[in-house]
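Each chain, written out:
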Amino acid sequence: MTQRDDPDLLADLRAPNAEHDGVFWHGDQRLMVFDADAASRANAENFADLTLPDRFVDRVRGRRSPAVSWRQVRSLWLSRMRVLSEENRLRELTDRMAAILDHRRDQHVDFAWLAHEVTFRALVPVVLDGLSTSDQAWLSRDAIAKLTRLDAGPGGQTRRQRWESVVAQLHVGRVVRAELRRRTRHGRTRIDLTQPIVDRLLPSLGPDRAVEAVTTVLTAIAGPPGAVAGCLMYELAKRPEWAATLTEEFASGPAELLHRTGTRSAPTAHQFVKEVLRMWSAPLLMTRSARVPLTIRGHRLAVGRHFLVSPYLVNHDERHWSDPDVFDPNRWSAGAAHRPPGGNHYVPFGWAPTACIGAGLGSIQLVLLTYLLCTRFRLELRAPDAARVSLGAVPRPLDFDGWVRRREPARTKAA
Ligand code: HEM
């Protein structure tokens with residue numbers, strides 16, 4: 001990853017955003033929709049009847065494919081998510097993250113990249129279980145290529161990087177297609193997000209659209225979870241007092257309790273995670289293309305025109321949040337003087353009807369990662385004072401490197 005000065009992607013947008021109450025044109029091409037209610041309404045209207053595009057083969061032959069609504073796909077995923085968040089699945093998720101941290105132990109690493117590696121690789125079996133090591137490696141290569149592209153910005157990649165990215169993407173398509181074939185032809189079944197697509201939708205979707213649905217989730221787990229996890233590591237490393245409080249909370253119950261109760265047995269860690277998700281929401285900006293004619297606060301958008309929404313700016317809107325740029329997990333505690341506004345004003349997982357399907361699991365994964373970093377591992381920073389977060393395509397800690405060390409197991413007191 002290239003090192004560069006701290007960018008602030010939002011620098012030019014903050015002043016007009018405050019001046020125009022969250023909805024304004026940036027140039028004459030793109031409408032910025034950063035007001036919570038306006039963004040929520042625009043998203044709802046734009047995606048109300050979202051259906052998948054026709055299959056490639058049908059487009060070539062000039063005919064329509066069986067219509068499949070995105071809502072149908074999402075509802076299959078959402079019900080499978082409940083199974084994937086059960087106790088034994090969470091235990092496996094923790095074990096996978098611990099194994100990756102252990103594998104990187106005592107090596108000099110960039111923690112922002114490590115966070116991506118830990119979250120992405122641990123989540124792959126949730127999406128597509130049972131892949132060979134070499135197939136999983138292709139998925140990781142593709143994820144790294146996408147993150148490198150995101151980090152370098154448009155046109156910032158070398159020709160070689162672009163080529164590697166295309167190759168990795170093609171391989172991922174091949175990997176997913178082969179796995180779909182194994183499941184349909186050889187009756188293999190797995191408990192993951194791909195299985196309900198195979199069982200319930202494959203005949204109407206056809207292979208191309210099924211591959212696209214699965215790769216959509218693979219892309220979704222390659223970005224925001226790792227970006228937020230990197231910022232979580234950053235906040236833990238920079239705030240020893242919070243690390244101590246959380247360590248104490250985790251010491252009061254075994255990991256099993258976390259797996260059984262999700263976030264309930266670690267309320268302070270849950271508050272910490274919620275604040276990381278608010279403070280460092282990823283991505284910073286999302287571009288939407290109008291699918292239907294839209295009128296947003298009096299601004300008309302014809303089909304195909306663009307508008308941008310920002311979970312980050314909604315979660316930092318000072319009209320609704322007190323001290324939005326201050327990291328304060330206590331704001332989430334029951335007795336807090338300034339309670340969070342909630343509803344449309346806290347959107348780390350986006351907006352209905354396209355809101356993140358992995359919000360619950362993503363939050364629990366962050367709590368489990370916090371658990372691992374407070375009980376089994378610790379981060380030793382090379383230059384603690386240099387670390388800071390830059391606001392690029394996603395929030396990203398810079399100069400945040402060092403070593404993962406194993407914690408000494410707590411000694412039991414002599415009788
Ligand atoms: C901390 C972790 C995560 C964060 C911060 C996050 C954030 C987001 C955001 C901001 C969106 C865009 C929502 C919108 O368009 O309005 C999104 C979409 C999505 N996320 Fe996540 N996500 C996380 C974890 C996950 C996980 C664990 C999964 C699945 C295993 C997942 C799967 C998806 C999918 C499939 C979409 C696309 C939804 C759609 O277009 O209908 N995400 N996520």
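Keep in mind that what you see is a predicted model, and the values were worked out from it rather than measured. (Residues numbered from 1 in each chain as written. Predicted model: local features only at pLDDT ≥ 70, side-chain atom pairs only at ≥ 80, totals over all residues. Heavy atoms only, no water.)

Asker: Explain the sheet that holds strand β1 (residues 23–26) to me, using residue names and the numbers behind them.
Answerer: Strand order in the open sheet formed by 4 strands is β1-β2-β7-β4, and the pairing between neighbours is mixed. Both edges of this open sheet fall to β1 and β4 (286–289), since each of them pairs with a single strand only. When strand polarity is set aside, the average angle formed by the axes of neighbouring strands in this sheet is 30°. Summarising the sheet, strand β2 (residues 30–33) and strand β7 (residues 306–309) pair through 3 bridges and their orientation is parallel. Bridge pairing links leucine 31 to phenylalanine 307 in β7. (Pairing = 2+ DSSP bridges. Helix = DSSP H or I, 4+ residues; strand = E, 2+ residues; numbered from the N terminus. Axes fitted to C-alpha atoms, helices over the stretch in contact; angles between N-to-C directions.)

Asker: Would you mind going over the coordination of the iron atom of the ligand in detail, with residue names and values included?
Answerer: A lone protein donor contacts the iron atom of the ligand, and this donor is Cys356 (SG), found at 2.3 Å. Topologically, cysteine 356 is positioned in the loop between α14 (311–315) and α15 (359–375). (Donors = N, O, S within 2.8 Å, 3.2 Å for Na, K, Ca; no water.)

Asker: Describe the site of the ligand, listing the residues and the values that go with them.
Answerer: Not every one of the 27 residues close to the ligand is listed here, only the nearest: Trp70, Arg74, Arg288, Trp351 and Cys356. At 2.6 Å, a side-chain N or O of arginine 74 approaches an oxygen atom of the ligand. Interatomic distance of 3.0 Å between a backbone N/O atom of tryptophan 351 and an oxygen atom of the ligand. Considered class by class, the residues forming the shell around the ligand number 21 nonpolar, 4 polar and 2 charged. (Near = heavy atom within 4 Å. Polar contact = N/O pair within 3.5 Å; in protein donor to acceptor, adjacent residues only side chain to side chain. Nonpolar A, V, L, I, M, F, W, Y, C, P; charged D, E, K, R; others polar.)

Asker: I'd love a proper account of the environment of phenylalanine 400, names of residues and values included.
Answerer: Locating phenylalanine 400 in the fold gives a position in the loop between β10 (395–398) and β11 (401–406). A relative accessible area of 1% places phenylalanine 400 in the buried class. (Buried < 20%, exposed > 50% of the residue type's maximum accessible area, 1.4 Å probe, protein only.)

Asker: If you had to explain a nonpolar patch on the surface to someone new, which residues and values would you point to?
Answerer: A grouping of Trp163, Val166 and Leu170 is seen on the molecular surface, where their side chains present a nonpolar patch of about 360 Å² in accessible area. Along the polypeptide, tryptophan 163 turns up in helix α8 (residues 159–185). Taking the relative accessible area as the measure of exposure, tryptophan 163 reaches 58% and is therefore exposed. (Patch = residues over 30% accessible without salt bridge, like charges linked within 9 Å, V, L, I, M, F, W, Y side chains within 5 Å. Areas by Shrake-Rupley, 256 points an atom, 1.4 Å probe, with all protein chains shown as cover. Salt bridge = Lys/Arg side-chain N within 4 Å of Asp/Glu carboxyl O.)

Asker: I'd like a description of the packing of aromatic side chains, backed by residues and values.
Answerer: Applying the stated criterion across every chain, the model contains 10 aromatic pairs. Look at phenylalanine 24 and phenylalanine 34: their rings are 5.8 Å apart centre to centre, the planes differ by 75°, and that puts the pair in the edge-to-face class. Of the two residues, phenylalanine 24 is situated in strand β1 and phenylalanine 34 in the loop between β2 and α2 (36–46); the sequence distance between them amounts to 10 residues. This pair shows no difference in class: phenylalanine 24 is buried, exactly as phenylalanine 34 is. Each residue in the set Phe111, Tyr234 and Phe400 is aromatic and connected to the rest through ring pairs, giving one cluster. The ring of tryptophan 138 has arginine 141 lying over it, and the distance from NZ or CZ to the ring centre is 4.2 Å. In this structure, arginine 278 packs its charged tip against the face of tryptophan 321, placed 5.2 Å from the ring centre. (Phe/Tyr/Trp six-rings, centres within 6.5 Å; stacked < 30°, edge-to-face > 60°. Lys NZ or Arg CZ within 6 Å of the ring centre and 35° of its normal.)

Asker: Describe the nonpolar core, naming the residues involved and giving the relevant values.
Answerer: Ranked by internal contacts, the top residues of the largest apolar core, which has 105 residues, are Trp77, Phe111, Leu193, Met233, Phe250 and Leu369. A total of 13 residues in this core trace back to one element, the largest contributor, which is helix α9 (residues 195–222). (Core = buried A, V, L, I, M, F, W, Y, C linked by side-chain atoms within 4.5 Å.)

Asker: Summarise the environment of valine 166; cite the residues concerned and give the values.
Answerer: Along the polypeptide, valine 166 turns up in helix α8. In this structure valine 166 comes out as partly exposed when scored by relative accessible area, which is 41%. C-alpha of valine 166 to C-alpha of threonine 194: the two residues are 28 residues apart in sequence and 23 Å apart in space.

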